[in-house]
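# Results of the structural survey
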2 protein chains.
Amino acid sequence: MAKKAFISEAVIKRLPRYHRLLGQLEAENVSRVSSYDLADRLNVTASQIRQDFSNFGEFGQQGHGYNVSKLRGEIASILGLDRPHDLIVVGYGNIGRALAGYSGFRDDNFFVRAVFDVDPARLRDLPEGVEGFTMDGLPAYAASRNVDIACVCVPRSAAFGVAAVLDGLGIGRIWNFAPVDLSGVSKDIVCVNINMSDSLFVLSYYADAARRDGPESLPE
Amino acid sequence: MAKKAFISEAVIKRLPRYHRLLGQLEAENVSRVSSYDLADRLNVTASQIRQDFSNFGEFGQQGHGYNVSKLRGEIASILGLDRPHDLIVVGYGNIGRALAGYSGFRDDNFFVRAVFDVDPARLRDLPEGVEGFTMDGLPAYAASRNVDIACVCVPRSAAFGVAAVLDGLGIGRIWNFAPVDLSGVSKDIVCVNINMSDSLFVLSYYADAARRDGPESLPE
């Protein structure tokens, strides 16, 4: 299967939505789907969908649409969802608890193995299978255990320090919930920042627009 | 100031990033900035930035760049950040607690006024200025108080029911943290879904790519 060497970030960012929709279609026992049906449900154009999928090879047959399960499996493989990932959570406040306690990630092969916090009093009521350590236990943990991704859930003031520690321990994949951009801490860091406010602002815009012009539906 | 009647969703979704960067520049006492500087820091093209801003009128002078404060103020106004918004949180688990307790939203004029949960035992340790009610108190609350946005933080199984209740009470602006799409519940609902897994999957892709090809930096 011919694959292009470089896949643009915009395409990669659309793959989770395709994966989610294909999962819904599988649950509805739909076995084949056309680019037009997908486009209709995702509020994008059919030609964009065909172009996106062409990055990864050929999943469709002219006039026959796509095989839902095969396509979903291929996208899962591209995103790495067919392999288990070991996660740690740094900062065990409300967001850290929500991440460690959310069982849905396991369905996609992401497993929170341990949580870390400066305050030992916070390390209570841990979900089953999750270990808790104070921050000074992080180097020993990293030396003996696999860590694929660190979820950074500390306050803004602590985020850069934590990112530097993680970088020093060779843990460069950061899912960042602190409201600062950590990408600049080190060239070895691959960081995805969750800026939750961004979507709140977009909602604010459309809420005001709805008051002005009547409701409009929003794609995801 | 001439403004286009229709602004595409892609442009709206970029505005929060512009707003955030301009805030950083203000904090650094930068008063003017060129589209090239902005483009460099945001990993987009300068022409896209100029095109985006042209939707809202003229903020720049040829060869002189943009006035940082004026541009940030105008984007804030477009997004509605210059007006206070009253929020409620429905579902007071870990995510609900994180939202109600995060003071950063107030800086942008979003105020969580009340939280609701089916379980009265959960309604403890409320942040200052936040009231707590059981779910059956929602109609009376909605009848007497302003609600601009409802943050839905209930489990997947309860989300559609909650959205229907909110719709029945005329609360149509939903910031949805439940892992289902609530847009289809009613035509009157303006819903922004937070699919946190999506960004985790994107990180997973780039983490695997980094292992294969060496690190690469990711724009937000």
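The residue count restarts for each chain, going from 1 along the sequence in the order it is written. Lettering for chains starts from A, numbering for ligands starts from 1, and both go in the order in which the items are written. Where local features are concerned, this predicted model is filtered to residues with pLDDT of at least 70; where side-chain atom pairs are given and counted, the filter is 80 or more; whole-chain, interface and lining totals use all residues. To obtain the side-chain values, all non-hydrogen atoms of the structure were used and water was disregarded.

Each helix is a run of DSSP H or I of at least 4 residues and each strand a run of E of at least 2, with the numbering of both proceeding from the N terminus. Looking only at helices and strands, chain A features 9 helices and 9 strands. Its C-alpha atoms put chain A at 60 × 50 × 35 Å along the principal axes. For every residue, the accessible area (1.4 Å probe, protein chains only) is compared with the maximum for its type, and the residue is labelled buried under 20%, exposed over 50%, or partly exposed between those bounds. Here chain A, with 220 residues, has 52% of them falling under the buried criterion. Restricting the contact set of chain A to residue pairs at least 6 apart, pairs at least 24 apart contribute 56%. Values of accessible area rely on a 1.4 Å probe in the Shrake-Rupley scheme; residue burial ignores everything except the protein chains shown. Accessible area for chain A stands at about 10200 Å²; split by element, carbon and sulfur atoms hold 49% of it. In this charge count, Lys and Arg are treated as positive and Asp and Glu as negative; neither His nor the chain ends contribute. The atoms used to mark charge sites are NZ of Lys, CZ of Arg, CG of Asp and CD of Glu. Of the charged side chains in chain A, 23 are positive and 27 negative; the average position of the first set lies 3 Å away from that of the second. Whether two residues are in contact is decided by their heavy atoms: any pair within 4.5 Å suffices.

Copy-to-copy superposition: least squares on the C-alpha atoms, limited to residues that have pLDDT of at least 70 in both copies. Of the transformation superimposing chain A on chain B, the axial component is 0.0 Å and the angular component is 180°, with the fit at an RMSD of 0.0 Å. In symmetry terms, the pair is related by a two-fold rotation axis. Residue A:N94 of chain A places its C-alpha closer to the rotation axis than any other residue of that unit, at 2.6 Å. Comparing contact sets, 100% of the residues at the interface of chain A also lie at the interface in chain B, consistent with an isologous, same-surface contact.

Here the focus is the sheet that holds strand 5 (residues 110–117) of chain A. Residues and elements named next belong to chain A. The strand order across the open sheet built from 6 strands is 6-5-4-7-8-9, with neighbouring strands paired in parallel fashion. With partners counted over all chains shown, the strands left at the sheet margins are strand 6 (131–134) and strand 9 (190–193), one partner each. The mean inter-strand angle of the sheet, taken between neighbouring strand axes irrespective of direction, is 25°. Think of it this way: DSSP has to see at least two bridges between two strands before they count as a pair. With 4 bridges connecting them, strand 8 (residues 173–176) and strand 9 associate as parallel partners. Residue pairing across strands places N176 opposite N193, the latter belonging to strand 9. Geometry is summarised by axes, namely lines fitted to C-alpha atoms with helices restricted to the contacting stretch, and by angles between N-to-C directions that run from 0 to 180 degrees. Its contacts with the sheet put helix 5 (residues 94–101) on strand 4 (85–90), strand 5, strand 7 (149–152) and strand 8, and the angle it makes with strand 5 is roughly 150°.

Okay, the side chain of A:D198 next. Looking at the secondary structure, you find A:D198 in helix 9 (residues 196–213). In contact with A:D198, not counting residues within four places along its chain, are B:P16, B:R17 and B:R20.

Residues and elements named next belong to chain B. Here a salt bridge means any side-chain nitrogen of Lys or Arg lying within 4 Å of a carboxyl oxygen belonging to Asp or Glu. Per the stated rule, a full pass over the model turns up 20 salt bridges over all chains. A salt bridge links E26 to R72, with the nearest nitrogen and oxygen atoms 3.1 Å apart. Of this pair, E26 sits in helix 1 (residues 9–27) while R72 sits in helix 4 (residues 68–79), and the two are 46 residues apart along the sequence. On the accessibility criterion, E26 (29% relative accessible area) is partly exposed.

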